[in-house]
Amino acid sequence: MTQTSDPASDPEISFLEQLGQRVRTTRALRGMSRKVLAKVSGISERYIAQLEAGRGNVSIVLLRRVSHAMGAHLEDLIPHQEPSPDWAVIRDLLRKASPAQIAQAKDILAGHGASSARGASFAGIALIGLRGAGKSTLGKLLAKKIGWNFVELNKEIEAQNGLSVAEIIALYGQEGFRRLEQAALTQLLARKELTVLATGGGIVSEPVTFDLILSSFYTIWLKAEPEEHMARVRKQGDLRPMADDRSAMAELRNILTSREPLYARASAVVDTAGLSVDAAAARLIDSVRPVLQSEARSFGLRSVAV
C-alpha cells in the first residue's frame, strides 16, 4: 500500500509551498505577469507556474535566475522567520552602509550608544496605490488647490536619466530601475520644496525607498476596485506589465492582494471607488485638511485654505 505524504507534516513539501508563495508574492509586488517573468528569466512559464504552486523541484541556479529577473534578492525567496516587520529595511540599509556606519549600528544595537531620531523634515504629500488609482490626475488637482509643486516620480526618473521607464528596465532590469528611483527621490527631497508626489505603483516593493516616502511625506493610499483600476489603465492605453496576457485581470488582483498590506502602511486611505474625478478630488482634499493645519503650526508654514 502506497503512503502519501501529509503536506502539514512533510517539511520538504511545506518548504516548497512556502517558496512558491514567496515567488508569487514577490512577482506581484514587482507588478510582473508570469509571462513577463518567464521571458526575462529565460525559464518556461509552465515551470514558473509549477514553482509558484509548490510543485517545483527547483535548482539553486534556476531560483537565482528567477530572483534576478524580478530584481529581488535570492534570500527574499527562501522561507524563514524574519525577526521583525522592519527587517527588510534594516537589511537593505546594512547592504549600503559604510564600515563606520555598520560599527555605529552595532554599538547602538548592543546598547553602547544612544539612538537619535532621523528628524526628517516634512516634504509634502505622497500618493501611493496601484496604477490607475488616479495619483496623477488627483495629485495635479490637489497641488493646484494648495499651491504646491506636483511631481510624478517616474517622470522625474526619466528626466534625470534621459530614458523612458521602459528603456531603463530593458537596459538595467528591475533592480537598476529601483536604484534610479531611490536616487530620484533623494534628489527631490534635497530641494526642500513642498510637493504633492505621485509615486509608481510598485514603489512599495523597495523597502528603503518606501520607508523614505513614509518618513518624509504624509502618505495617502488611493484605493479603488480592481475592475476600476483595469478600466482606467485600458483607457490610458497602457497595459504594462499585462499586455498580451489573457489572465490580465487575475494578475491585477494578485498584484493588488500582495501589495495591500504595504499600501495600508499609509497615513490615510482615500477610497475613490465609484466616484467621479471631481468627487474623488473633493474627498482627497478633505483628507489632507488636518495635516496641512498641523504642519503649518509645527513648521511655521503658510496656512493653506482648502
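Residues numbered from 1 in each chain as written. Predicted model: local features only at pLDDT ≥ 70, side-chain atom pairs only at ≥ 80, totals over all residues. Heavy atoms only, no water.

> Could you clarify how one ought to interpret the packing of aromatic side chains in this entry?
Where two aromatic rings form a pair, the distance of their centres and the angle of their planes describe that pair. Taken as a whole and judged by the stated rule, the model has two aromatic pairs. Consider the rings of Phe122 and Trp148, whose centres lie 6.2 Å apart with planes at 70°: the pair is edge-to-face. With Phe122 in the loop between helix H7 (99-109) and strand S1 (124-128) and Trp148 in the loop between helix H8 (135-146) and strand S2 (149-152), this residue pair connects regions lying 26 residues apart in the sequence. By the burial criterion, Phe122 is buried, and Trp148 matches it. (Phe/Tyr/Trp six-rings, centres within 6.5 Å; stacked < 30°, edge-to-face > 60°. Helix = DSSP H or I, 4+ residues; strand = E, 2+ residues; numbered from the N terminus. Buried < 20%, exposed > 50% of the residue type's maximum accessible area, 1.4 Å probe, protein only.)

> Explain the nonpolar core here, please?
Across soluble globular proteins, nonpolar side chains show a tendency to be buried alongside one another. Core analysis: the biggest nonpolar cluster contains 30 residues, and Leu153, Leu185, Leu197, Ile213, Phe217 and Tyr263 have the highest contact counts within it. Contributing elements (two or more residues each) for this core: S1, helix H9 (153-161), helix H10 (165-190), helix H11 (207-216), strand S4 (217-223) and helix H13 (248-263). Other than its neighbours up to four places away in sequence, Leu153 contacts Glu181, Ala184, Leu185, Leu197, Ala198, Thr199 and Ile203. Ranked by size, the runner-up nonpolar core spans 22 residues in total, among them Val196, Ala268, Val270 and Val288. (Core = buried A, V, L, I, M, F, W, Y, C linked by side-chain atoms within 4.5 Å. Contact = heavy atoms within 4.5 Å.)

> What am I meant to see in the sheet that holds strand S5 (residues 268-271) here?
Pairing between the strands of a sheet is mediated by backbone hydrogen bonds and can be parallel or antiparallel. Overall, parallel pairing links the five strands, which are arranged S2-S3-S1-S4-S5 in an open sheet. With one partner strand each, in any of the chains shown, S2 and S5 form the two edges of the open sheet. Each strand axis lies, on average, 25° off the axis of its neighbour in the sheet, ignoring direction. Note: S4 against S5, four bridges, orientation parallel. Residue pairing in the sheet places Trp221 in a bridge with Val269 of S5. Contacts from H8 reach S1, S2, strand S3 (195-198) and S4 within the one sheet, and its direction differs from that of S2 by about 165°. Against the sheet, H11 touches S1, S3 and S4, its axis set at about 110° to S4. (Pairing = 2+ DSSP bridges. Axes fitted to C-alpha atoms, helices over the stretch in contact; angles between N-to-C directions.)

> Help me out: how do you make sense of unusual backbone geometry in this one?
Backbone phi values are negative for most residues with the exception of glycine, while trans is the configuration of most peptide bonds. For Lys192, which is not glycine, the phi torsion reads 55° and is therefore positive. On the secondary structure map, Lys192 appears in the loop between H10 and S3.

> How should the pairing of S3 be read in this particular structure?
When a strand is regular, its side chains alternate between the sheet's two faces. Of the two faces of S3, the one holding Thr195 and Leu197 and the one holding Val196 and Ala198 are both buried throughout. Of the pairings in the sheet, the one linking S1 to S3 comprises four bridges and is parallel in character. The residue bridging Ala126 from the neighbouring strand is Leu197, located in S3. Bridge analysis of S2 against S3 gives four bridges, and the strand direction is parallel. By the bridge assignment, Phe150 is partnered in S3 with Val196.

> Just checking my understanding: could you explain the packing of H9 against H10 for this structure?
A pair of packed helices is captured by two measures, namely the crossing angle of their axes and the spacing between those axes. Relative orientation of the contacting elements H9 and H10 amounts to 105°, with a least axis distance of 9 Å. Compared by their axis directions, H9 and H10 come out roughly perpendicular. Taking contact as the criterion, the partners of Leu153, Asn154, Glu156, Ile157, Glu158, Gln160 and Asn161 in H9 are, on H10, Val165, Ile168, Phe177, Leu180, Glu181, Ala183, Ala184, Leu185 and Gln187. (Parallel < 35°, antiparallel > 145°, perpendicular 65-115°, else oblique.)

> Sorry, what's going on with H13 here?
For an α-helix the count is 3.6 residues per turn, leaving residues at separations of three or four pointing the same way. Taking 1.5 Å as the rise per residue, H13 with 16 residues should run 22 Å; its terminal C-alpha atoms sit 21 Å apart, in good agreement. Of all the bends in H13, the greatest, near 25°, is centred on Thr257, and the proline Pro261 appears no more than four residues after it. What H13 keeps buried is the set Ala248, Glu251, Leu252, Asn254, Ile255, Leu256, Ser258, Arg259 and Tyr263. (Expected span 1.5 Å × (residues − 1). Bend = angle between axes of the 7 residues up to and from the residue.)

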